[in-house]
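Secondary and tertiary structure notes
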Amino acid sequence: MQIFISNPRGWEVKMPGKDVVSSFARKAKKTGILAVAHMPYLPNLASADKETHGKSVSSLVKNIEACNALGIRYLITHMGSHLGMGKEIGMKNILDAMEEVSGSIGRVCILLENQAGHRNSIGAMVEDLRHIYEKSSLGESHLGFCLDTCHLFAAGYDISRADVLEGIDKTLGLGKVHALHLNDAMFPLGSGRDRHSNIGKGEIGIEGFRTLLNYDGISSKVLILETPEGEWRKGELEALRKAAGR
Ligand code: ZN
Ligand code: MN
Ligand code: MN
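This section reports on the structure supplied with the text. These numbers were taken from a predicted model, which means no experiment stands behind them. (Residues numbered from 1 in each chain as written. Chains lettered and ligands numbered in written order. Predicted model: local features only at pLDDT ≥ 70, side-chain atom pairs only at ≥ 80, totals over all residues. Heavy atoms only, no water.)

1. Overview of the sheet that holds strand S9 (residues 222-225)
What the seven strands build is an open sheet, ordered S1-S2-S3-S4-S5-S6-S9; its pairing is parallel. The open sheet has two edge strands with one neighbour each: strand S1 (2-4) and S9. Within the sheet, the average angular offset between the axes of one strand and its neighbour, ignoring direction, is 30 degrees. Note that strand S2 (residues 36-38) and strand S3 (residues 74-78) share two bridges and pair parallel. Looking at the pairing, Ala-37 lines up with Leu-75 of S3. Strands in contact with helix H4 (residues 126-135) are strand S4 (109-113) and strand S5 (143-148); relative to S5, the strand with the most contacts, it is inclined by about 170 degrees. (Pairing = 2+ DSSP bridges. Helix = DSSP H or I, 4+ residues; strand = E, 2+ residues; numbered from the N terminus. Axes fitted to C-alpha atoms, helices over the stretch in contact; angles between N-to-C directions. Contact = heavy atoms within 4.5 Å.)

2. Considering the coordination of the manganese ion (ligand 2)
The coordination sphere of the manganese ion (ligand 2), as far as protein atoms go, consists of Glu-113 (OE), Asp-148 (OD), His-181 (ND1) and Glu-226 (OE), spread over 2.2 to 2.3 Å. Taken in chain order, the donor set of the manganese ion (ligand 2) reads E-x34-D-x32-H-x44-E. Between the manganese ion (ligand 2) and the zinc ion (ligand 1) the interatomic distance amounts to 3.4 Å, and Glu-113 serves as a bridging ligand to the pair. Here Glu-113, found in strand S4, pairs with His-181, found in strand S6 (residues 177-182); they are 68 residues apart in sequence, far enough to count as distant. (Donors = N, O, S within 2.8 Å, 3.2 Å for Na, K, Ca; no water.)

3. A short note on helix H6 (residues 162-172)
Within H6, the full set of buried residues consists of Val-164, Leu-165, Ile-168 and Leu-172. Looking straight down H6, one finds its buried side chains confined to an arc of 100 degrees; they lie on one side. If you follow the buried residues of H6, they end up packed against H4, S5, helix H5 (149-154), S6 and helix H7 (205-213). Gly-173 lies just past H6 and shows a positive phi near 85 degrees. (Buried < 20%, exposed > 50% of the residue type's maximum accessible area, 1.4 Å probe, protein only. Arc of directions from axis to C-beta.)

4. Observations concerning the nonpolar core
Note on soluble globular proteins: their nonpolar side chains tend to be buried together. By size, the foremost hydrophobic cluster in this structure holds 64 residues, and its most contacted members are Leu-60, Met-98, Ile-110, Leu-112 and Ile-168. When we break this core down by domain, the ones giving at least three residues each are domain 1 (1-141) and domain 2 (148-153 + 170-246). In contact with Ile-168, not counting residues within four places along its chain, are Val-126, Leu-147, Leu-152, Tyr-157, Ile-159 and Gly-173. Counting nine residues, the second largest nonpolar core, distinct from the first, contains Ile-76, Ala-179, Val-222 and Ile-224. (Core = buried A, V, L, I, M, F, W, Y, C linked by side-chain atoms within 4.5 Å. Domains from an automatic or database assignment.)

5. Here's the deal with the pattern of salt bridges
Counted by the stated rule, this structure contains six salt bridges. In this structure, the salt-bridge partner of Lys-87 is Asp-128, at a minimum N-O distance of 3.1 Å. Taken together, the residues Lys-87 in helix H3 (residues 87-101) and Asp-128 in helix H4 connect sequence positions 41 residues apart. On the basis of relative accessible area, Lys-87 is assigned to the partly exposed category, the value being 40%. The salt bridge partner of Asp-96 is Lys-92, with a shortest N-O separation of 3.1 Å. Taken together, the positions of Asp-96 and Lys-92, both in helix H3 and four residues apart, correspond to about one turn of that helix. (Salt bridge = Lys/Arg side-chain N within 4 Å of Asp/Glu carboxyl O.)

As structure tokens, this is what we get:
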């Protein structure tokens, strides 16, 4: 299950109180559900604007602290937008952010999520994710990746092909990919558009997910659906389990 610590479209991050922490732990234990957290959407770690960057880093720190309090290991974040300043500068700002939060990291592992490739966004290419990982001092227990299938497909990676998966594996190391967002894509390969479809109803299709889920170790990772809600929801889980051979 993926949660937001606070309003995904706001800046404020409220620390969970003692009562929340204990009921969260109790429910997690009772249900056996593993929760991961996603950063809110307003922070931009790639921003060159001092104020925005500072606010973004402080949001990341607060989210990390909340995750530590709740016993949540994985915190997923987008890499942000360079807002026209160029990728080099944006990547440098992301790296600075990683260094700035390192003292607060605790037991949390930040997962960088790949992006669809919309204008100025960073992280559509898996090489960019790897670059941040390589240059950061956080190391493998505190930094990894979350792959979004819709974003991969929109960025031109045809994940229904085993050779494409092998290429991604070679660049990232799938061992460092701890979670996947399983979303079908509304638009064709390489569209650059971040529009999720229900599994089997989009351009990737259930055959694509079958290839993916049967690729080395993928089906044992944290798998999250971010697809449109509705009738087909139950069918999606069933179709995915079947495709994974469960
Ligand atoms: Zn995301
Ligand atoms: Mn996603
Ligand atoms: Mn998306």
